[in-house]
Amino acid sequence: MKSLWFASLIFILVNNSNAQDTELLERYKIPCFSSHKLYIEAPELLNIYTSDNSFDGSFSRQYNITIKAKDNFFYQDSLFQIASSSELEFRGKHEVIKQSYDGAQIKKESNTVYSASSYADSKYYLIGQKGVFISCKPGLQIFRNNSISPNSHSSWDGFGSSLISGLGYGRITSVKVVSQARMITKELKIRESEDLLISIAEILEKNEHGFYESNFRDSSKIKLYKDLSELTGSPQHIQRIKRIMESKLYRIAVQRSGWEIQQEMGYSFVTTTRTNQSNHETSGDREGKYGSNILINFAFPLSYDVQWDFSAVISRDLRIKSSLAVNHSINWFSAASVSYANLTNPDEHDFNGTNFAFESEYFLSNKTELIGTAGYSKGKTYFASASSPNQKF
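Residues numbered from 1 in each chain as written. Predicted model: local features only at pLDDT ≥ 70, side-chain atom pairs only at ≥ 80, totals over all residues. Heavy atoms only, no water.

Asks: Would you mind showing me how to read the environment of Phe33 here?
Replies: In this fold, Phe33 is placed in strand E1 (residues 33-52). Through-space distance from the C-alpha of Phe33 to that of His209 is 9.4 Å; in sequence the pair is 176 residues apart. With near-sequence residues (within four places) excluded, Phe33 lies in contact with Phe74, Tyr75, Gln76, Glu205, Lys206, His209 and Phe211. (Helix = DSSP H or I, 4+ residues; strand = E, 2+ residues; numbered from the N terminus. Contact = heavy atoms within 4.5 Å.)

Structure (C-alpha cells):
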C-alpha cells in the first residue's frame, strides 16, 4: 500500500519539474450540443445453405436471419449531460435434415432469439459547472430464446433491471480534444492561439460524440474536415489533418482534467425462467442485489504530453490505482500504473495486493509497431514484446 502512495508522489514530483503551461486545459469550456444516431443492420438478412448427397439421398437445408437496430443519444451542456444506448436484435435459424434415403424421418430444428437492452448515464449539476451534482444510471435488458427440435420444445426467458444513483462534488472533463487540436496546429506548423485551439477542440469533441454523423450523415467526414481546414486556414492540408486524426501514429496521453468524489447506491434485479413446453415443467432463478460505493477520481495533465490519474473505489472492498501516461514523441507512447486491491471474495480474475504494469508502444510506420509490456503481481513477473503482424520484414 505504501508503494502505491510513494509511486504517485514520485510521478508528480518528477514530471512537475518539466511541466508546461496547462492552463488552457483547465479553462476549456464544455461545449453545448446533442447528437442522435439510429443504426439498422442485417449481418444475415437471409442466408440460405443447401447440401445434397446423390449417393445416399441425404440432404440439408439451413436458413439464417439476423437483424439488429441500435439507437444512441447524447446531450451535453454546462450543467447537464446524458448518454443513452438502446439495442434490439432478432436471430432466427431453421434447419431441415434428412440423413439417408431408406425412409428415415426428416429432422427439423429451429431456434429464435429476441433481445432488447437500454442503458443511460446522466449527471445534473446543482451548484455550478463543477460543484454538487446528482447522477442516475438506469438499465434494462430482456431476452427470449425459443428452441424446437423433434423431441423437445423449450424456451428461456430473462429480465434484468438496474438503477444506480449518486451524489457527488467536482467534475472531470475530457481535454483529449485540446491535446489533439494542439497536435494538429504543430504538425501543420501554423501559429497557435487560445481561441484557435479551443475552436478546433470544440469541433473535435462534437465529432467524437457523433454530432457530424448525426446531422450530416453521408457527408459527415467531408463537413468535418472542411470545418477544420477553414479554421486552420489550411484547406490544402485536408488529407494531412485526416491522417493526424485517424492514424495510429498520433497517440494522445492527456485525456482528462479535474477531480470528483461521489457516493453511489444501486440496486439490480435479474430473473430467468426456463420452460419445457413438452411436459410443461418450469424452473427459474431470481436475484436482487443492493450495493454502495464511494468513488474518488483525480485526473491531472502534468504537461501537454504527460497525464497522471488516480482512482479509488471504496465499499466492502478497496481498489486503488495510480497511472502515468507519456507522449515521448509523435510515434512513441508509454504508460505505467500501480494498483492495490483488498477484496473480500476475489475471483480467478482478481487479486489481493499490489500490481505494477508498464507498456510502451513505438510505431515504425502506420502498419508496423513495436510493443513492450512488463508487470509484477503476487511475486510473479512477466515480460512480452511483439511486432505488428500486418508488416512483413
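And the narrative resumes.
Asks: Help me understand a nonpolar patch on the surface in this model?
Replies: A cluster of nonpolar side chains, namely Leu38, Ile40, Leu45, Leu46, Ile48, Tyr63 and Ile67, defines an oily patch on the protein surface of about 730 Å² accessible area. If you list the elements that add at least two residues to the nonpolar patch, you get E1 and strand E2 (59-76). Considering each element in turn, the nonpolar patch owes the most residues, five residues, to E1. (Patch = residues over 30% accessible without salt bridge, like charges linked within 9 Å, V, L, I, M, F, W, Y side chains within 5 Å. Areas by Shrake-Rupley, 256 points an atom, 1.4 Å probe, with all protein chains shown as cover. Salt bridge = Lys/Arg side-chain N within 4 Å of Asp/Glu carboxyl O.)

Asks: Would you explain the environment of Glu205 in this entry?
Replies: Here Glu205 lies in helix H4 (residues 194-208). Owing to a relative accessible area of 7%, Glu205 belongs among the buried residues under this scheme. Separated by 31 residues in sequence, Glu205 and Ser174 have C-alpha atoms that sit 8.8 Å apart. Contact partners of Glu205, with chain neighbours within four places excluded, come to Tyr28, Pro31, Phe33, Gln76 and Val177. At 3.1 Å, the side chain of Glu205 forms a polar contact with the side chain of Gln76. (Buried < 20%, exposed > 50% of the residue type's maximum accessible area, 1.4 Å probe, protein only. Polar contact = N/O pair within 3.5 Å; in protein donor to acceptor, adjacent residues only side chain to side chain.)

Asks: Would you take a moment to explain the nonpolar core for this structure?
Replies: General note: in soluble globular proteins, nonpolar side chains tend to be found buried as a group. Core analysis: the biggest nonpolar cluster contains 32 residues, and Val178, Ile184, Ile200, Leu204 and Leu228 have the highest contact counts within it. Every element with two or more residues in this core is listed here: helix H2 (23-27), helix H3 (176-188), H4, helix H5 (211-216), helix H6 (220-232) and helix H7 (238-246). Among the elements that take part in this core, H4 stands out by supplying seven residues, more than any other. Discounting residues that sit within four places of it in the chain, Leu228 has contacts with Ile200, Ile203, Leu204, Ile241 and Met245. (Core = buried A, V, L, I, M, F, W, Y, C linked by side-chain atoms within 4.5 Å.)

Asks: In this structure, what is going on with the confidence of the model for the protein chain? I would like to understand it.
Replies: Any residue range with low pLDDT should be treated as having predicted coordinates unsuitable for detailed reading. With 84% of its residues at a pLDDT of at least 70, the protein chain reaches an overall mean of 80. Looking over the protein chain, one finds the lowest element-wise mean pLDDT in strand E14 (residues 380-387), namely 45, and the highest in strand E9 (residues 306-314), namely 92. Taken together, the stretch residues 9-20 has pLDDT below 50 and engages in 19 contacts with residues farther than four places along the chain or on a different chain. For residues 381-393, every residue scores under 50 in pLDDT, and the model assigns this stretch 28 contacts once sequence neighbours within four places are set aside. (pLDDT = per-residue confidence, 0-100.)

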